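Analysis of the macromolecular model
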Amino acid sequence: MTSGETVALFGSNGAGKTTLLRILAGLTRPNEGTVHIFGHKLPGDSDLRRKIGMVAHDSFVYGDLTASENLNYYARLYDIPRRERAAELLEAVALGGSTERPVRTFSRGMLQRLSLARAVLHEPRLLLLDEPFTGLDPAGAAVLATMLADLQSGGVAALLITHDFERGLQAADRAVLLHRGRVAWQSGATLPSAAEMNEIYSETVGAA
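No experiment lies behind these values; they were computed from the predicted model shown.

So, how was this worked out
Residues numbered from 1 in each chain as written. Predicted model: local features only at pLDDT ≥ 70, side-chain atom pairs only at ≥ 80, totals over all residues. Heavy atoms only, no water. Axes fitted to C-alpha atoms, helices over the stretch in contact; angles between N-to-C directions. Helix = DSSP H or I, 4+ residues; strand = E, 2+ residues; numbered from the N terminus. Parallel < 35°, antiparallel > 145°, perpendicular 65-115°, else oblique. Left-handed = near helix turned anticlockwise from the far one by under 90°. Contact = heavy atoms within 4.5 Å. Nonpolar A, V, L, I, M, F, W, Y, C, P; charged D, E, K, R; others polar. Salt bridge = Lys/Arg side-chain N within 4 Å of Asp/Glu carboxyl O. Buried < 20%, exposed > 50% of the residue type's maximum accessible area, 1.4 Å probe, protein only. Phe/Tyr/Trp six-rings, centres within 6.5 Å; stacked < 30°, edge-to-face > 60°.

Okay, the packing of helix α3 (residues 67–77) against helix α4 (residues 84–92) next. The N-to-C vectors of α3 and α4 enclose an angle of 130°; their axes lie 9 Å apart at closest approach. In terms of orientation, α3 lies oblique with respect to α4. Crossing of α3 over α4 shows right-handed handedness. Along the contact surface, α3 presents Ala 67, Ser 68, Leu 71 and Asn 72, while α4 presents Ala 86, Leu 89 and Leu 90. Class assignment for the residues of the contact of α3 with α4 results in 5 nonpolar, 2 polar and no charged.

This is the structure:
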């Protein structure tokens with residue numbers, strides 16, 4: 001992956017997609033082989049971890065805290081001096097009107113958008129996204145797409161896991177198909193359409 005590149009990673013359940021993201025995030029050690037990010041071998045030190053943000057199935061936010069309190073808490077953990085960044089991100093993910101609500105009252109889509117704000121709070125250089133469109137309505141998906149485009153233009157690389165061919169391909173510069181823990185197919189500079197990707201998936205893995 002290169003700076004500013006977004007790669008969509010497709011594959012069936014059990015193909016190893018989430019395991020790969022957990023390895024890249026430093027949360028799981030590989031059974032064999034080595035992984036290097038930004039020239040550093042994983043598992044990395046705290047400086048490397050600060051360069052990585054992750055949106056996972058778990059939102060990693062606290063239900064009894066408000067959205068604002070959650071982001072300010074993470075800002076303190078990352079020693080972020082600009083406290084206003086939390087407010088800016090909540091506006092960016094369309095949660096500006098819900099900053100003082102306890103997160104336990106949020107819908108799945110709202111939690112997903114808050115999780116995205118948390119993941120980019122410390123301005124990572126690599127963003128790992130595991131099914132980020134889950135629970136998002138069209139407006140929420142548009143918010144995510146806009147933020148990804150902004151991050152991309154700022155040089156942030158992103159690895160995006162999704163079963164949604166259309167949204168994944170719209171966000172990506174390159175596509176990869178993982179099957180049984182290995183790369184079974186990858187695109188060139190020209191991406192297939194969602195319909196073409198469905199055919200490639202069916203031929204390589206089986207029915208989508």
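Time to look at the pattern of salt bridges. Throughout the structure, instances matching the rule amount to 3 salt bridges. A salt bridge links Asp 64 to Arg 104; the shortest N-O distance between them is 3.1 Å. With a gap of 40 residues between them, Asp 64 in the loop between β4 (52–55) and α3 and Arg 104 in the loop between α4 and α5 (108–120) connect regions that are remote in the sequence. Of the two residues, Asp 64 and Arg 104, both sit in the exposed class.

For the coordinates displayed, the defined rule picks out 4 aromatic pairs. Ring plane angle 85° and centroid distance 5.0 Å describe the contact between Phe 10 and Phe 165, whose orientation is recorded as edge-to-face. Taken together, the positions of Phe 10 in strand β1 (residues 6–10) and Phe 165 in helix α7 (residues 165–171) put the pair 155 residues apart, joining distant regions of the chain. Among the residues examined, Phe 10 registers a relative accessible area of 0% and is labelled buried. Phe 165 sits in the buried class, given a relative accessible area of 12%. Note on Tyr 62 and Tyr 73: the rings are 5.5 Å apart at their centroids and 90° apart in plane angle, and the pair reads as edge-to-face.

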